[in-house]
Amino acid sequence: MKKKYTIFLLVFFITLGYAAVTTTLDIIEKTNIAYNEEDFRVEITSIKINNNDNINLIAKDKQSFTFIGSGNDILNYTVTNYSYQYDVKINLICNPSEGIEIEQIGELKGQSKESKTITSTSNSEVTCTINIEKISRTDYASEMCKIEEGSEWAFNYTGSEQEFIVPCDGEYKIELWGAQGGASNSTYIGGYGGYSKGTANLTKTAKIYINVGGAGQTNNVPYSSKGAQGGYNGGGTANPHSGVNHLYGAGGGATHVAFLSGQLYELENYKDKILIVSGGGGGGRWQTNYTEGHYGYGGHGGGFIGGNGTDNHGNYGSGGTQTGKTFGKGANNLAQAAGGGGFFGGTAGCSGGGGSGYIGNPLLKEKEMYCYKCQESNEEATKTITTTCTNSSPISNCAKQGHGYAKITYLGNNN
């Protein structure tokens, strides 16, 4: 005979903010489920009035907010259910209610958030409180994401590929910094690495591959036969020439994230697998064969067009673009500066050009690139913003000194 189960309904009444809240706990096919109050947390997390952030209006308990109406207001409110084990039903009540029209959220799954609109023609002080009905998840199990929103994973330069296995379905912010090119000396430095960012919806257990660019090396010994090695992930190499007194730098490597393993130049035939790239800087160069000297600064990496090198004799390397012949690699050179790695690498010369960045994958949203004193673009697939910010630490919207860097941040799951 098929076993039968009794369904129990336990009803709890709790007070949150100003409202009496009915909480329903459904126990189905279970006889020993404990009430887990510690797991339950539902909060108002955002208020915007006429597109202006007014998070300060939210009460300390995060169950209500109070505003003074102007008679013509559009409010957007967001409620977040941080619980793993509980779904909820949300009903927002405003008092006084005259002139208030509320778009209700309704059911809100565990580990999710939702935003809705309030239209107000009120001129009064209005307090709005969330009424929460709590329902236990009978299917609560290991598939629930237990990663907190805002969790970060950092990827320093290692000189090898790194892997990231997506822990939960949801939206992730990806930030990349390319590496700086090598210097000829403390004056004629290599170009800075670029910065690229965007968000993408990723699926649990998916594997992505991160290659963090290495800074270009420097040959600072005249008549040396050692050369200067290009930075990991596509930095061009400045090959040695023992017969000249040149001091020169190699190209910095790009930093990229892809759905396929391999350094950037190895993915030329799989560009659809590349999610995002930040370009590396070109190398600098100096020599004293000429009475006035011969010197150049490396072009800066990143953006839809990498920066050109600058050289006092005009023989500079050009920045990489979104098309070209040197995919994923900066150009090598003999006893002169090399190009930076990038989506397309910079060319070589008396100063190396910077490699370009890439944000053209349609899976990437809210995306843009920053690069040092570079050409700008307003197109969605190539959006580029110029900056004068540089730092040896990875700072958002700032060009990078030294090795590259990558960071992934979990933004939550809105599904």
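Look a little higher up for the structure.
Fair warning: this is a prediction, and the values are worked out from it, not measured in the lab.

> I'm lost on the sheet that holds strand β13 (residues 162–165) in this one. Help?
Remark on secondary structure: sheet strands pair via backbone hydrogen bonds, oriented parallel or antiparallel. Strand order in this open sheet of four strands is β13-β16-β20-β21, and the pairing throughout is antiparallel. Strands at the two margins of the open sheet, each flanked by one partner only, are β13 and β21 (274–278). Sheet twist, expressed as the mean angle between neighbouring strand axes with direction ignored, is 15 degrees. One ladder, built from three bridges, connects strand β16 (residues 207–211) with strand β20 (residues 255–258); its direction is antiparallel. Note on β20: the bridge partner recorded for Y209 is A258.

> What exactly am I supposed to notice about the state of the cysteines here?
Chemically, a disulfide is nothing more than a covalent bond linking the sulfur atoms of two cysteines. Taken as a whole, this structure holds three disulfides when the rule is applied. Disulfide pairing places C94 opposite C128 at an S-S distance of 2.0 Å. Measuring handedness by torsion sign, the sulfur bridge of C94 and C128 sits at about 105 degrees and is right-handed. Linking C94 in strand β7 (residues 86–95) with C128 in strand β11 (residues 125–136), this pair joins segments that are 34 residues apart in sequence. Per residue, the accessibility class of C94 equals that of C128, and both read buried. The disulfide partner of C389 is C398, and the gap between their sulfur atoms is 2.0 Å. Its S-S torsion of about -90 degrees marks the bond between C389 and C398 as left-handed, since a negative value means left-handed.

> Sorry, what's going on with the packing of aromatic side chains here?
Inspection of every chain in the model, using the stated rule, returns 17 aromatic pairs. Aromatic pair Y192 and Y372: ring centres 5.2 Å apart, planes at 80 degrees, arrangement edge-to-face. One end of the pair, Y192, is in the loop between β14 (170–177) and β15 (195–202); the other, Y372, is in strand β26 (residues 365–372), with 180 residues separating them in the sequence. Residue classification places Y192 among the buried positions, given a relative accessible area of 13%. The interplanar angle of 10 degrees and the centroid separation of 4.2 Å between the aromatic rings of F343 and Y358 together place this pair among those described as stacked. Taken as a pair, F343 in the loop between β25 (333–334) and β26 and Y358 in the loop between β25 and β26 lie far apart in primary sequence, 15 residues in all. Comparing F343 with Y358, the two get one shared label, buried. An aromatic cluster is built from W153, F155, F164, Y172 and Y410, whose rings are joined through pairwise contacts. Its guanidinium or amino end placed over the ring of Y86, K134 lies 4.8 Å from that ring's centre, counting from NZ or CZ.

Conventions adopted
Residues numbered from 1 in each chain as written. Predicted model: local features only at pLDDT ≥ 70, side-chain atom pairs only at ≥ 80, totals over all residues. Heavy atoms only, no water. Pairing = 2+ DSSP bridges. Helix = DSSP H or I, 4+ residues; strand = E, 2+ residues; numbered from the N terminus. Axes fitted to C-alpha atoms, helices over the stretch in contact; angles between N-to-C directions. Disulfide = S-S within 2.5 Å. Buried < 20%, exposed > 50% of the residue type's maximum accessible area, 1.4 Å probe, protein only. Phe/Tyr/Trp six-rings, centres within 6.5 Å; stacked < 30°, edge-to-face > 60°. Lys NZ or Arg CZ within 6 Å of the ring centre and 35° of its normal.

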